[in-house]
Amino acid sequence: MTEQQPASRLDVRQSHAAILVVDDDQAMCHYCTSALRHLGYHVTATTSSLAALDYLRQQPFDLVLTDIKMPQLSGLDLTRHAREIDPILAIVIMSGQTSLEMLREAVSNGITSYLSKPFEVEELRLTVTQVLHQRTMMRDKLRLETVVHQLRLSSAFNYTLSLPEMCAEILRVVQEEISGRWAYFLLNVDDAAPRLLFGHPDQPPLDTAGWQLLQQTALKQLPSRTRIQLGAELCDGVCLPLSVGGQNIGSVLFNHTQPLTPARAESLTLLMKHAAAALNNARLFTQVQEANSRLQELDRLKSEFIAITSHELRTPLAIVLGYAMLLHDQADPPAREYLRRMLESGHRLNAIIDDMTNLRQVELRQTHLTIEEVDLADLMQECVTNVQSLADGKRQTLNLKYDASALCRVHLDRDKIALVLTSLLSNAIKFTPIGGDVTLQAWCEHVETVPYAHGDQAIALNPGAWAFISVQDTGIGIPPGQQRRIFERFYQVADSLTRENGGTGLGLALVQGLVTVHNGHVWVTSQEGMGSTFTVALPQNVPQSLMS
Ligand code: ADP
């Protein structure tokens, strides 16, 4: 005996089930309706089988409870139509006298169960509970199959990251589902105007109504069905929103020739969830590619600017400096003093042009190194002497720190590394207030493990013998977000209009370039308001291949 189940213990999914009762006998209709409503179901009832068919076309039901013999459309015909609309709809027929022939036909039309009239409420309840349970199981199974199918289909979306190819791929997959020929994608690719992409290159253009539908769907994120004019054809269309994780990325409009059954609509909606994720990846990839090519163009312009400027300025400046020197030697005061200042400025300009030329050579990998064995202490002393007057001008203390007995000899291009250290020292003096401290320090170390831990930095130095030189200051410091960027060409922390200190923003790019051609590394640690430390690591023995 089946265990009886009170209405209050109905499966939650069952209690929300929608049931359509169809019987041309008003009393029977009423009997079933009130019994089922009492049990907690949502019931729609009609005495007309044609009206029942309309209901089925307009709204989803979980179960149809139908009489067999009815005028207009018999229960068996209704069953056949209902099955076409929803293949897993539960259908129970109710009949007084049923011939074997009729039962056989009912079964072949896909009925789920049968109730022989007259029946008790309890009998009705048990049958309904049972067929709804079967339907739930079938729906779960179908869902699982759909998910597997969806996964198979949507895996095709991962083949490409090109937006046009992706749109064509989505259309190809959807064609299998709803036999649509065309797809129109409205995508918010960037902040500028949204882009319209076609699934097929030969698609007809969209008319105003189609375009507005796409925009509305993208805006409201609600699907809609429509009849739409596409070229010479009036087609059935379905417009679906595209969103990823709640972020609206646009909409898509398909035409279709297969009827959009609830199952197909559900499958299409699911498919568009995968498609939206894939389109979003392609969209982001496109954005990154476009930004990248803009950056590359900007980079090319910078290189061109450096090349042209350094080349075009060098000759006229050499002539100006030559004559200024001649005049300076011959002139008497006060003209001699004016010419001295003119020469000073001319030499500063010359230094900038030198930086540009050196940087250009580094970038073109045309830097020739003259490697020699160098005494680090000696080199450091030379660099300190180069900048001593600058530090004196700001009443700063310039310290030189090393343990002579532990200091190694290194193989490097002396002039180029002198340029590196002088540049770092000049920056340290420039960005440290009056009365501050600047310290040049060196040490040698055999690096055993990767990475090399230095303060809060982890640097990927090859194991081996390295010489380290650091320039430490008590200056303004560099914000964390900018510590990498200051090594880019022309990058300066304060913008050119507000900054107090001069400079071109080329110094550190050149420092990095010159250190890199020595197979070395340079990095900075800094705290705003406290000061910065630039550290240069150079291999003690530069490979033979780098020697000219
Ligand atoms: P420049 O000094 O000519 O502006 P650099 O390439 O040498 O160009 O330096 C780039 C930027 O890095 C500087 O403009 C400055 O903002 C920052 N910077 C460099 N060295 C220091 C330092 N020691 N302390 C603080 N900021 C620094």
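Residues numbered from 1 in each chain as written. Predicted model: local features only at pLDDT ≥ 70, side-chain atom pairs only at ≥ 80, totals over all residues. Heavy atoms only, no water.

Colleague: Explain the overall build of the protein chain to me, please; I cannot follow it from the model alone.
Modeller: Helices and strands together make up the secondary structure of the protein chain, namely 13 helices and 19 strands. On C-alpha atoms alone, the protein chain measures out to a radius of gyration of 41 Å, which is more than a quarter above the 24 Å that the 2.2 N^0.38 rule sets for 548 residues. With the C-alpha coordinates aligned to their principal axes, the bounding extent of the protein chain is approximately 130 × 60 × 45 Å. Out of the 548 residues in the protein chain, the part that is buried amounts to 43%. Taking the contacts inside the protein chain whose residues are at least 6 apart along the sequence as the reference set, 67% of them involve residues at least 24 apart. Just so you have it, the protein chain exposes about 29,200 Å², and 55% of that area is on carbon and sulfur atoms. Placing the 45 positive and 59 negative side-chain charges of the protein chain at their respective mean positions leaves the two points 3 Å apart. (Helix = DSSP H or I, 4+ residues; strand = E, 2+ residues; numbered from the N terminus. Rg over C-alpha atoms; globule rule 2.2 N^0.38 Å. Buried < 20%, exposed > 50% of the residue type's maximum accessible area, 1.4 Å probe, protein only. Contact = heavy atoms within 4.5 Å. Areas by Shrake-Rupley, 256 points an atom, 1.4 Å probe, with all protein chains shown as cover. Lys, Arg positive; Asp, Glu negative; His and termini not counted. Charge placed at Lys NZ, Arg CZ, Asp CG, Glu CD.)

Colleague: How should I be thinking about the state of the cysteines in this particular structure?
Modeller: Two cysteines whose sulfur atoms are joined by a covalent bond form what is called a disulfide. Scanning the entire structure with this criterion turns up 1 disulfide. A sulfur-sulfur distance of 1.9 Å marks the disulfide that ties Cys408 to Cys444. Looking down the S-S bond of the Cys408 and Cys444 bridge, the torsion is -70°, so its handedness is left-handed. Here Cys444 lies in strand β14 (residues 437–447) and Cys408 lies in the loop between β12 (397–401) and β13 (409–413), a separation of 36 residues in the sequence. Not part of a disulfide, Cys235 finds its nearest cysteine sulfur in Cys239, a span of 14 Å. (Disulfide = S-S within 2.5 Å.)

Colleague: In this structure, what is going on with the pattern of salt bridges? I would like to understand it.
Modeller: Here the idea is simple: oppositely charged side chains can pair when their charged atoms come close. Across all of its chains, the model carries 25 salt bridges by this definition. For Asp62, the salt bridge goes to Arg139, with nearest N and O atoms at 3.4 Å. In this pair, Asp62 sits in the loop between α3 (49–58) and β3 (63–67) while Arg139 sits in helix α6 (residues 121–154), placing the two residues 77 residues apart along the sequence. Across the pair Arg341 and Glu337 runs a salt bridge, and its minimum N-O distance is 3.2 Å. Of this pair, Arg341 and Glu337 both sit in helix α10 (residues 335–363), separated by 4 residues, roughly a single helical turn. Connected via shared salt-bridge partners are Asp62, Asp86, Arg135 and Arg139. (Salt bridge = Lys/Arg side-chain N within 4 Å of Asp/Glu carboxyl O.)

Colleague: Explain the site of the ligand here, please?
Modeller: In the vicinity of the ligand, 21 residues are found, and the nearest of them are Asn427, Asp473, Gln492, Thr504 and Leu508. With respect to the ligand, the side chain of Gln492 contributes an N or O atom lying 2.7 Å from an oxygen atom. Between Thr504 and the ligand, the recorded distance is 2.9 Å, taken from a backbone N or O atom to an oxygen atom. Considered on its own, the ligand offers 530 Å² of accessible surface; in the complex 97% of this is hidden by protein. (Near = heavy atom within 4 Å. Polar contact = N/O pair within 3.5 Å; in protein donor to acceptor, adjacent residues only side chain to side chain.)

Colleague: So what exactly am I meant to see when it comes to the side chain of Ser49 here?
Modeller: Tracing the chain through its elements places Ser49 in helix α3. Engagement of the side chain of Ser49 in a polar contact is seen with the backbone oxygen of Pro71, the distance being 3.3 Å. Polar side-chain contacts of Ser49 include one of 2.8 Å to the backbone oxygen of Leu73. Excluding anything up to four places from it in sequence, Ser49 contacts Val22, Met70, Pro71, Gln72, Leu73 and Leu78.

Colleague: Sorry if this is basic, but what is going on with the sheet that holds strand β5 (residues 113–116) here?
Modeller: Across a sheet, strands are paired by hydrogen bonds formed along the backbone, either parallel or antiparallel in direction. If you trace the 5 strands from one edge of the open sheet to the other, you get β2-β1-β3-β4-β5, paired in parallel fashion. The open sheet is flanked by β2 (42–46) and β5, the only strands paired with a single partner. Mean inter-strand twist for the sheet, computed between neighbouring axes without regard to direction, equals 20°. By the bridge criterion, 5 bridges tie β3 to strand β4 (residues 90–95) in an arrangement that is parallel. Considered in β4, the bridge of Leu65 is made with Val92. Sheet contacts for helix α2 (residues 26–38): β1 (18–22), β2, β3 and β4; angle to β2, the most-contacted strand, approximately 175°. (Pairing = 2+ DSSP bridges. Axes fitted to C-alpha atoms, helices over the stretch in contact; angles between N-to-C directions.)

Colleague: Where do I start with the domain arrangement of the protein chain in this structure?
Modeller: Reports often express the size of an interface as the amount of accessible area lost when the parts come together. Annotation of the protein chain at the domain level lists domain 1 (9–151), domain 2 (156–280), domain 3 (294–363) and domain 4 (371–546). When each unit is reduced to the centre of its C-alpha atoms, the spacing between domain 3 and domain 4 is 25 Å. With 12 residues of domain 3 in contact, the opposing surface of domain 4 contributes 9 residues. Between domain 3 and domain 4, a total of about 1,000 Å² is buried, with carbon and sulfur atoms accounting for 72% of that surface. The interface formed by domain 3 and domain 4 contains 2 salt bridges. Across the salt bridge formed by Arg489 and Asp299, the nearest N and O atoms sit 2.8 Å from each other. Looking at the side of domain 3 that touches domain 4, the elements with two or more residues in it are α9 (262–330) and α10. The element contributing the most residues to the side of domain 3 that touches domain 4 is α10, with 7 residues. When grouped by side-chain class, the residues that make up the side of domain 3 that touches domain 4 number 6 nonpolar, 2 polar and 4 charged. (Domains from an automatic or database assignment. Buried area = accessible area lost by both parts, 1.4 Å probe. Nonpolar A, V, L, I, M, F, W, Y, C, P; charged D, E, K, R; others polar.)

Colleague: Just checking my understanding: could you explain the packing of α6 against α9 for this structure?
Modeller: Axes are the key here: two packed helices are described by the angle between their axes and the distance separating the axes. Running from N to C, α6 and α9 point in directions that differ by 40°, and their axes come no closer than 10 Å. Relative to α9, the element α6 is oriented oblique. In this structure, the crossing between α6 and α9 has a hand that is right-handed. Every residue of α9 that contacts α6 at Arg143, Thr146, Gln150, Leu153 and Ser154 is listed here: Glu266, Ser267, Leu270, Leu271 and His274. (Parallel < 35°, antiparallel > 145°, perpendicular 65-115°, else oblique. Left-handed = near helix turned anticlockwise from the far one by under 90°.)

Colleague: Could you clarify how one ought to interpret a nonpolar patch on the surface in this entry?
Modeller: Taken together, the side chains of Leu295, Leu298 and Leu301 make up a nonpolar region of the molecular surface, amounting to roughly 280 Å² of accessible area. Position of Leu295 among the secondary structure elements: in helix α9. (Patch = residues over 30% accessible without salt bridge, like charges linked within 9 Å, V, L, I, M, F, W, Y side chains within 5 Å.)

Colleague: Would you take a moment to explain the sheet that holds strand β9 (residues 233–244) for this structure?
Modeller: Strand order in the open sheet made by the 5 strands is β7-β6-β10-β9-β8, with antiparallel pairing throughout. Of all strands in the sheet, those bounded by a partner on one side alone are β7 (195–198) and β8 (224–230). With strand direction ignored, the average angle separating the axes of adjacent strands in the sheet is 25°. Alignment of strand β6 (residues 183–187) against β7, held across 4 bridges, turns out to be antiparallel. Within β7, the residue paired with Tyr184 across the bridge is Phe198. Contacts from helix α7 (residues 163–178) reach β6, β7, β9 and β10 (247–256) within the one sheet, and its direction differs from that of β10 by about 50°. Strand contacts of α9: β6, β7, β8, β9 and β10, with the helix running at about 65° to β9, the strand carrying the most contacts.

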